[in-house]
Structure formats: structure tokens, C-alpha cells
Amino acid sequence: VKHPLNSKWTLWYTKPKVSDSEEWSDLLRPVIKFGTVEEFWGIYNSVPKASDLPIKADYHLFRDDIRPEWEDERNSKGGRWSYQFRRKRDVDINELWIRTLLSAVGETIEDEENEVNGIVLNVRKSNYRVGVWTKSTNADSLKSIGQKLKLILKLDENDHVEFISHADSSAPAFIV
Ligand code: M7G
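These figures come from a predicted structure and were not determined experimentally. (Residues numbered from 1 in each chain as written. Predicted model: local features only at pLDDT ≥ 70, side-chain atom pairs only at ≥ 80, totals over all residues. Heavy atoms only, no water.)

Peer 1: What's the story with the site of the ligand in this structure? I'm lost.
Peer 2: If you check the shell around the ligand, you find W24, E69, W70, E71, N122, R124 and R129 and nothing else. Note that a nitrogen atom of the ligand is positioned 2.6 Å from one of the side-chain N or O atoms of E71. Measuring from an oxygen atom of the ligand, one finds a side-chain N or O atom of R124 at 2.7 Å. Protein burial of the ligand: of its 570 Å² of free accessible surface, 58% is covered by the chains. Here the residues of the shell around the ligand are counted per class, giving 2 nonpolar, 1 polar and 4 charged. (Near = heavy atom within 4 Å. Polar contact = N/O pair within 3.5 Å; in protein donor to acceptor, adjacent residues only side chain to side chain. Areas by Shrake-Rupley, 256 points an atom, 1.4 Å probe, with all protein chains shown as cover. Nonpolar A, V, L, I, M, F, W, Y, C, P; charged D, E, K, R; others polar.)

Structure representation (C-alpha cells):
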């Protein structure tokens, strides 16, 4: 028996840029699409752990066939919540990433159905960044997603997740 998820999801991977001639579109690839709990665990157990990804790599988990790009019309009116963990802090990124994955496919991160388009893990030299991409910039549904992200990432009240709309990525619009 297979247990269907509410949506189908696609796991994407950005491989690290090794030369300047490589562009974003050359580096981003869909890995696999799935729609059941069993497939989710099979994939999770067979891809590299977050802590094993090379620097400059990303994982993206996006609903259906939404591309993990600002340009996708289903993202363009939304934005992203994000938090950066300094790697010096010796953070258990594997645990935090699986908690984020489960909150997306289990839809516990959102009150309003399908408000979250996807989640992203950026592996950088001195940081891990976890992002949650939303469909809209509707303040009420956004704030609740931001609050939940803080719980999922086990942040303190003094830590802040930041929302930036894709259209205006110059300054944070909400902080909780
Ligand atoms: P990043 O990975 O979000 O942040 O963006 P980083 O500074 O920590 O690496 C790095 C670069 O990837 C951007 O400056 C863009 O060149 C490219 N890039 C990232 N995203 C999410 C997009 C996207 O959605 N569309 C396009 N065209 N390029 C992107």
C-alpha cells in the first residue's frame, strides 16, 4: 500500500559552479518527481545528506512542476522566508533539513493550502541557508509560515527569519 501525499513534489539540485562560463540554467536540474510517502523516504535515503553536499550546491523541493526560480509565474508574485545558519555554530543541518522537508510534504508549515511552493537549502562556504518560497505576499498567511519556520528550525525568540519578495529583494518586508 502506498500513501499519497497531498501534492506531487520534485526534488531539484543545483550543482556548484566551477567556471564563470556556467550559468544558473546550466547548473539547475530536476532529480526526481514523487507523490507518495514511501517514494519520499526512498529518495531521501538514496540522495546525499545535506551535510555531504559540496559548497555552492542547493537542494530545492518544489510542488508539482513549479520551477525553483523567481521567473516561474507561480513564484513571481511571492517571495521567500529564510534563515542562515553559520556553519561555525556546528549546526545539525541534516536534522533541520529533514524537519523542513517533512513540514513541506506533510503541509504542516502552512495553514492555507498550497501557499508554500517549495523549500530550498543553499550550502555556502560559511553558511547554510534554508528558504521557504511562498505563492503570494499576503501578510496574514505569510506571518504564520514565518512563525512555523522558526519552530521547524528550532530557533530562539531572538533569532529572526526574514521575508523578501522576489519582486523586491532589496529589503526585508517582514521580520518575526
Ligand atoms: P543564491 O543561490 O540565491 O544566493 O543566488 P547566494 O548568493 O548565496 O549564492 C546566487 C545566484 O544564483 C544569483 O545571483 C543568480 O545569479 C542565481 N539565481 C538564484 N536563483 C534563486 C535564481 C533564480 O530564481 N533565477 C535566476 N535566473 N537565477 C537565479
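Peer 1: Where do I start with the sheet that holds strand 3 (residues 58-63) in this structure?
Peer 2: Strands in a sheet are paired, the pairing made by backbone hydrogen bonds, and the direction either parallel or antiparallel. Reading across the sheet, the 8 strands line up as 2-1-3-5-6-4-7-8 and stay open at both edges, with antiparallel pairing between neighbours. This sheet does not close on itself; its edge strands, each paired only once, are strand 2 (28-36) and strand 8 (174-175). Where strand 7 (residues 162-165) and strand 8 come together, 2 bridges link them in antiparallel fashion. Residue pairing for strand 8: E162 is matched across the bridge by I175. Along the sheet, helix 2 (residues 37-46) makes contact with strand 1 (4-14) and strand 2, crossing strand 2 at roughly 140°. Set on the sheet, helix 3 (residues 93-105) makes contact with strand 1, strand 2, strand 3, strand 4 (79-86), strand 5 (116-123) and strand 6 (127-134); between it and strand 5 the angle comes to about 165°. (Pairing = 2+ DSSP bridges. Helix = DSSP H or I, 4+ residues; strand = E, 2+ residues; numbered from the N terminus. Contact = heavy atoms within 4.5 Å. Axes fitted to C-alpha atoms, helices over the stretch in contact; angles between N-to-C directions.)

Peer 1: Got a minute to help me understand unusual backbone geometry in this structure?
Peer 2: Trans peptide bonds make up most of the peptide bonds, and negative phi angles are found at most residues other than glycine. Non-glycine residue D90 carries a positive phi angle of around 60°. Given a relative accessible area of 69%, D90 falls into the exposed group. In this model, E107 sits at a positive phi of 55°, which is unusual for a non-glycine residue. Owing to a relative accessible area of 11%, E107 belongs among the buried residues under this scheme. (Buried < 20%, exposed > 50% of the residue type's maximum accessible area, 1.4 Å probe, protein only.)

Peer 1: What should I look at first to understand the pairing of strand 4 in this one?
Peer 2: If a strand is regular, its side chains alternate between the two faces of the sheet. Of the strand pairs in this sheet, strand 4 and strand 6 are connected by 8 bridges, and their pairing is antiparallel. Bridging across to strand 6, W81 finds its partner in V132. Inspection of the sheet shows strand 4 paired to strand 7 by 4 bridges, in the antiparallel sense. Its bridge partner being in strand 7, S82 is matched across the sheet by E162.

Peer 1: Looking at this structure, I do not really get the pattern of salt bridges. What am I missing?
Peer 2: A side chain of one charge can pair with a side chain of the opposite charge if their charged atoms are brought near each other. Under the criterion given, the structure shown has 8 salt bridges. For the salt bridge of R74 with D72, the shortest nitrogen-to-oxygen distance reads 3.0 Å. On the basis of relative accessible area, R74 is assigned to the partly exposed category, the value being 34%. Overall, the relative accessible area of 10% leaves D72 in the buried class. Here K154 makes a salt bridge to E95, at a shortest N to O gap of 2.9 Å. Taken together, the residues span a long stretch of sequence, with K154 in the loop between helix 4 (139-152) and strand 7 and E95 in helix 3 at a distance of 59 residues. The exposure class of E95 is partly exposed, given its relative accessible area of 30%. Connected through salt bridges with shared partners, the residues R63, E107 and E110 form a single ionic network. (Salt bridge = Lys/Arg side-chain N within 4 Å of Asp/Glu carboxyl O.)

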